[in-house]
Amino acid sequence: MPTNKHKRKASSHGNKTAQNLPSSGIITLHPKSSFWTGMFLVAVSMYLLAFESQNNAMFGLAMLSLITGVAVTAFAKMSLNSKSKH
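Rules used throughout
- By convention here, each chain's residues receive numbers from 1 onward along its written sequence.
- Totals for whole chains, interfaces and linings use every residue, but because this is a predicted model, local features are given only for residues with pLDDT of at least 70 and side-chain atom pairs only at 80 or more, for both listing and counting.
- Excluding hydrogens and water, the side-chain figures rest on all heavy atoms present in the structure.
- Segments assigned H or I by DSSP are reported as helices when at least four residues long, segments assigned E as strands when at least two residues long, and all are numbered from the N terminus.
- Throughout this description, buried means an accessible area under 20% of the type-specific maximum (1.4 Å probe, protein chains only), exposed means over 50%, and partly exposed covers the range between.
- In protein, a polar contact requires one atom able to donate a hydrogen and another able to accept it; more generally it is a pair of N or O atoms within 3.5 Å, and residues adjacent in sequence count only if both atoms are side-chain atoms.
- The contact criterion used throughout is that any non-hydrogen atoms of two residues lie within 4.5 Å.
- Only Phe, Tyr and Trp rings take part, Trp by its six-membered ring, and two of them pair if their centres are within 6.5 Å. Stacked means planes under 30 degrees apart, edge-to-face means over 60, and tilted covers everything else.
- Take the number of residues in a helix, subtract one, and multiply by 1.5 Å to get its expected span.
- Read the arc as the range of directions from the helix axis to the C-beta atoms.

Draft legend 1. Structural context of the side chain of Ser65. Positionally, Ser65 belongs in helix α3 (residues 56-85). Classification of Ser65 by relative accessible area gives buried; the value is 9%. Looking at Ser65, its side chain comes within polar contact range of the main-chain oxygen of Leu41, at 2.8 Å. Ser65 has contacts with Leu41, Val44 and Ser45, leaving out every residue within four places of it along the chain.

Here it is as structure tokens:
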């Protein structure tokens, strides 16, 4: 047996079709509507923080809406960028 035997990487034999499959999430399927939904949630949270934050429940709802809106908007923006490249 030769001492310098060529070793192949396991990743070179992997299934390459799995990388080309489109993801099936709701944000990646409809990125524009997800972007506007996220922006709407951010706007609702700003309204709740500005005018209705005296109540602890409204403050909590505003913070949940803000966090969810920012996350949805960020993921939709990334999905919009990746769809425009293809």
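Draft legend 2. Region of interest: the packing of aromatic side chains. With the rule as written, the count across this model stands at two aromatic pairs. Both rings, one in Phe35 and one in Trp36, keep their centres 5.3 Å apart while their planes meet at 75°; by these two values the pair is edge-to-face. Centroid distance Tyr47 to Phe51: 5.2 Å. Interplanar angle 50°. Geometry classified as tilted. In this pair, Tyr47 and Phe51 both sit in helix α2 (residues 31-51), four residues apart, roughly one turn of the helix. The exposure class of Phe51 is exposed, given its relative accessible area of 53%.

Draft legend 3. Quick look at the environment of Val42. For Val42, the position within the fold is in helix α2. Other than its neighbours up to four places away in sequence, Val42 contacts Leu66, Gly69 and Val70.

Draft legend 4. How the structure looks around α2. For α2, built from 21 residues, the straight-helix expectation of 30 Å at 1.5 Å per residue is met to within 8% by its first-to-last C-alpha distance of 30 Å. Among the residues of α2, Pro31, Ser34, Phe35, Gly38, Val42, Ser45 and Leu48 are the ones counted as buried. Seen along its axis, α2 keeps its buried residues to an arc of 150°; they face one direction. Exposed residues on α2 whose side chains face more than 90 degrees from its buried face are Lys32, Trp36, Phe40, Ala50 and Phe51.

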